[in-house]
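# Observations on the three-dimensional arrangement
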Amino acid sequence: MPRATVLIREAVAADEALVTAIANAEISTDGLLTSGAKLMLDSPTGPPPQFGAVLNHPEFRTILAVDPTDDQVVGLAVMSEDLFSTLIGRPAVYVHYLFVLDDRRHRGVGSAMLGDVTRFADELGAESVVIGLWTEARDVNRYFAKLGFTPVVQRRIAPVSTLRRTLGLARPVTSRRRNASP
């Protein structure tokens, strides 16, 4: 297949429905994204993830890969400065999600988006780029290894309800919500 030329543009608030639809389509194929963290939903019948908060939050940068021949969005990436790495003097950019539509893979779309991620890292003065990958996604892991990414840590996730049960903690009487606005 020929390698496609794609245009990379920053997503804006008006792209919320489009970004959400693409992410939900990718998630619905097998319940996980090939990169980034699996979205842990309490119930498969629960509300689908919404990306409006990310698109409107100044901490995150979302880019879209657009095929110029038909103006179709064929990939997206969500990234931010890793604030903890900055605190310890090793600034990094964390790629929370990066995925390419199935029928557009192996055509340079991911590389084009990673080029933009790299430019973003340069703008911030970051020393490295970090991405979370599923250990089961062998082809994806090979791709990133070829680009120079090395495994550093293994992250595990547990629902709060499970931790509460396994640690023998009572259900909290009051809840403290994080302020969603910066």
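Calculation rules
Residues numbered from 1 in each chain as written. Predicted model: local features only at pLDDT ≥ 70, side-chain atom pairs only at ≥ 80, totals over all residues. Heavy atoms only, no water. Patch = residues over 30% accessible without salt bridge, like charges linked within 9 Å, V, L, I, M, F, W, Y side chains within 5 Å. Areas by Shrake-Rupley, 256 points an atom, 1.4 Å probe, with all protein chains shown as cover. Salt bridge = Lys/Arg side-chain N within 4 Å of Asp/Glu carboxyl O. Buried < 20%, exposed > 50% of the residue type's maximum accessible area, 1.4 Å probe, protein only. Pairing = 2+ DSSP bridges. Helix = DSSP H or I, 4+ residues; strand = E, 2+ residues; numbered from the N terminus. Axes fitted to C-alpha atoms, helices over the stretch in contact; angles between N-to-C directions. pLDDT = per-residue confidence, 0-100.

### Some details on a nonpolar patch on the surface
A cluster of nonpolar residues, Leu163, Leu167 and Leu169, forms a patch on the protein surface that exposes about 300 Å² of accessible area. Overall, the relative accessible area of 39% leaves Leu163 in the partly exposed class.

### A look at the sheet that holds strand β2 (residues 60-67)
In spatial order, the strands read β1-β2-β3-β4-β5; together these five strands make up an open sheet with mixed pairing. Every other strand in the sheet has two partners, leaving β1 (7-10) and β5 (128-131) as the edge strands with one partner each. For this sheet the average axis-to-axis angle between neighbouring strands, irrespective of direction, equals 30 degrees. Pairing analysis gives eight bridges linking strand β3 (residues 72-82) to strand β4 (residues 92-100), with the strands arranged antiparallel.

### Some thoughts on the confidence of the model for the protein chain
Within the protein chain, residue pLDDT values average 81, and 77% of them lie at 70 or more. Of all helices and strands in the protein chain, the one with the weakest mean pLDDT is helix α3 (residues 83-87) (71), whereas β1 scores best (96).

### Overview of unusual backbone geometry
For Asp71, which is not glycine, the phi dihedral falls at a positive 60 degrees. Residue position: Asp71 is located in the loop between β2 and β3. Phi angles above zero are rare outside glycine, and His106 is one such case at about 65 degrees. Looking at the element boundaries, His106 is found in the loop between β4 and α4 (109-124). Overall, the relative accessible area of 71% leaves His106 in the exposed class.

### Notes on the pattern of salt bridges
One pass over the full model with this rule turns up nine salt bridges. With its nearest N and O atoms 3.2 Å apart, the salt bridge here joins Glu10 to Arg61. With Glu10 in strand β1 and Arg61 in strand β2, the pair connects residues that are 51 residues apart, well separated along the chain. By relative accessible area, Arg61 is classed as buried at 16%. Connected via shared salt-bridge partners are Asp67, Asp70, Asp103 and Arg104.

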